[in-house]
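Single-letter residue listing:
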Amino acid sequence: MSAPTEQLSLITPDEPSHAPADDAVRLLLFNAQHASPDRSRRQAAWVAAQENADIAVFTEVSSTHGGDALLTALGERGYATVIAPQPAEADYRTVIACRTADAHPAQSPVAVTPHRAPAARVTVGGHDIGVLGLYVPSRGPKQQRSVAKRAFQDAVTEALPKLDAAFPDMPVIVAGDLNVVERGHQPPHKVFGAWEYAFYDSFLAVGLTDAFRHLHPDKVAHSWYGRSGNGFRFDHLFVATCLADRVLACDYHQQAREEGLSDHSVMTLRLGLSSSPGGQGEAPATSSC
């Protein structure tokens, strides 16, 4: 059963810092790190000031006061649509915020803890775009080590081949903190098992491309750092492989982490669109092509 979804649309939000682009999808991925209400409001202000944040996907959002403060602050900062699944019990969730009012919640194809995997249909420059946000659980306490993580990962792996049905006739972007790294990650981390590498591989197997790795095939980059200082590339953005050549930019940014707003790097994507919806030469739109 899907989690109930809260969609906030304020009648008179502040003027946004940046007008939404109509020639490209501009998406920002931000780990909220279960922030307090005050820190959540500062996070919203920081994100709203970023040009490449027409669509903002927030992971590790609390289901209590801090998360509520984030949702309200995003509306006050010019995000016309905030899609925020509410878990039945206290748990982290994922939030999708859009500067445009032409965005609507969609049925999540992920059956397990769907509040960690909200889906949205967003219209950008006349193009419909599907967005799936993901926040994979960490390994958890010793007595329940990896139980929730494996269950959610299995549910996502099962859902990925269904993206075409969930988002018919539109390109899909998958953005989230997956709590896994790619094969060949530098530095190597022995802690990850074969099932965790297989989870990363499952995105590639259904016709999705790692947008960052597409543009930067050999670049060493990290989005989270452990106590020892070792880096992990936990945060990922995937696009349909047939749209990979339209990825104009995809990068990690350290400013918010260095300012203490999150313990993760921020990730951004800029995906170019054709000049007119359905126009000649437009790439296939589905996730599997």
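Residues numbered from 1 in each chain as written. Predicted model: local features only at pLDDT ≥ 70, side-chain atom pairs only at ≥ 80, totals over all residues. Heavy atoms only, no water.

**Student:** Let's hear about the overall build of the protein chain: which residues, and what values?
**Tutor:** Assigned secondary structure in the protein chain consists of seven helices and 15 strands. Per-residue burial over the protein chain gives 55% buried out of 289 residues. When contacts within the protein chain are restricted to residue pairs at least 6 apart in sequence, long-range pairs at least 24 apart make up 71% of them. Carbon and sulfur atoms form 51% of the exposed surface of the protein chain, whose accessible area is close to 12,300 Å². (Helix = DSSP H or I, 4+ residues; strand = E, 2+ residues; numbered from the N terminus. Buried < 20%, exposed > 50% of the residue type's maximum accessible area, 1.4 Å probe, protein only. Contact = heavy atoms within 4.5 Å. Areas by Shrake-Rupley, 256 points an atom, 1.4 Å probe, with all protein chains shown as cover.)

**Student:** Go over the packing of aromatic side chains with me, naming the residues and quoting the values.
**Tutor:** Summed over all chains, the structure comprises 13 aromatic pairs. The interplanar angle of 55° and the centroid separation of 5.5 Å between the aromatic rings of Trp224 and Phe232 together place this pair among those described as tilted. Among the residues examined, Trp224 registers a relative accessible area of 24% and is labelled partly exposed. Overall, Phe232 belongs to the buried group, its relative accessible area being 11%. Taking 5.7 Å as the distance between ring centres and 25° as the angle between the ring planes, the aromatic pair formed by Trp224 and Phe234 counts as stacked. Residue Trp224 is located in strand S11 (residues 224-225), and its partner Phe234 is located in the loop between strand S12 (231-232) and strand S13 (235-240); the two are separated by 10 residues in the primary sequence. Residue classification places Phe234 among the buried positions, given a relative accessible area of 7%. Chaining the aromatic ring pairs together yields one cluster made of Phe192, Tyr197, Trp224, Phe232 and Phe234. In this structure, Arg150 is placed above the aromatic ring of Trp195, and the distance from its NZ or CZ to the ring centre is 4.3 Å. (Phe/Tyr/Trp six-rings, centres within 6.5 Å; stacked < 30°, edge-to-face > 60°. Lys NZ or Arg CZ within 6 Å of the ring centre and 35° of its normal.)

**Student:** Quick one: what's the story with the nonpolar core, residue by residue and with numbers?
**Tutor:** Core analysis: the largest hydrophobic core is formed by 28 residues, its most contacted members being Leu27, Ile173 and Leu269. The residues touching Ile173, leaving out its near neighbours within four places in the chain, are Val25, Leu27, Ile129, Gly130, Val131, Leu132, Leu237, Phe238, Val239, Leu269 and Leu271. In terms of nonpolar packing, the next biggest core, distinct from the first, is built from 26 residues, Ala117, Leu163, Phe167 and Leu208 among them. (Core = buried A, V, L, I, M, F, W, Y, C linked by side-chain atoms within 4.5 Å.)

**Student:** So, the pairing of strand S7 (residues 119-124): which residues are in play, and what are the values?
**Tutor:** Looking along a regular strand, one sees side chains alternate from face to face of the sheet. Burial analysis of S7 places five of its six residues in the buried class, which makes it a mostly covered element. Where strand S6 (residues 103-106) lies against S7, four bridges are found, and the strand directions are antiparallel. Paired with Ala103 across the two strands is Val122, which belongs to S7. Bridge count for S7 against strand S8 (residues 127-135) is six bridges, and the pairing is antiparallel. Bridged to Arg121 within S8 is Gly130. Between S7 and S8, which pair antiparallel and follow one another directly, the connecting turn spans two residues, one of which, Gly125, has a positive phi of 55°. (Pairing = 2+ DSSP bridges.)

**Student:** Mind laying out the environment of Cys242, listing which residues take part and the relevant values?
**Tutor:** Among the secondary structure elements, Cys242 is positioned in the loop between S13 and strand S14 (247-253). The exposure class assigned to Cys242 is partly exposed, which follows from its relative accessible area of 27%. For the pair Cys242 and Gly207, spaced 35 residues apart in the sequence, the C-alpha separation amounts to 8.0 Å.

**Student:** Before we move on, could you go through the layout of surface pockets and cite the residues and values that matter?
**Tutor:** In this model, the largest pocket occupies a volume close to 280 Å³. Ser138, Arg139, Asn179, Trp224 and Phe234 are the residues nearest the centre of the largest pocket, which is lined by 15 residues in total. Residue classes in the lining of the largest pocket are distributed as six nonpolar, four polar and five charged. (1 Å grid on protein atoms, 1.4 Å probe; cavity = no way out; pocket = protein on both sides within 12 Å on 5 of 7 lines; lining within 4 Å. Points joined across faces, edges and corners; volume = space filled by probe spheres on them. Nonpolar A, V, L, I, M, F, W, Y, C, P; charged D, E, K, R; others polar.)

**Student:** Kindly report on the pairing of strand S2 (residues 24-31), identifying the contributing residues and their values.
**Tutor:** S2 sits mainly inside the fold: eight of its eight residues count as buried. Side chains Ala24, Arg26, Leu28 and Phe30 project from S2 onto one buried face, and the interleaved Val25, Leu27, Leu29 and Asn31 project onto a second face that is buried too. Alignment of S2 against strand S15 (residues 266-272), held across six bridges, turns out to be antiparallel. Within S15, the residue paired with Leu29 across the bridge is Met267.

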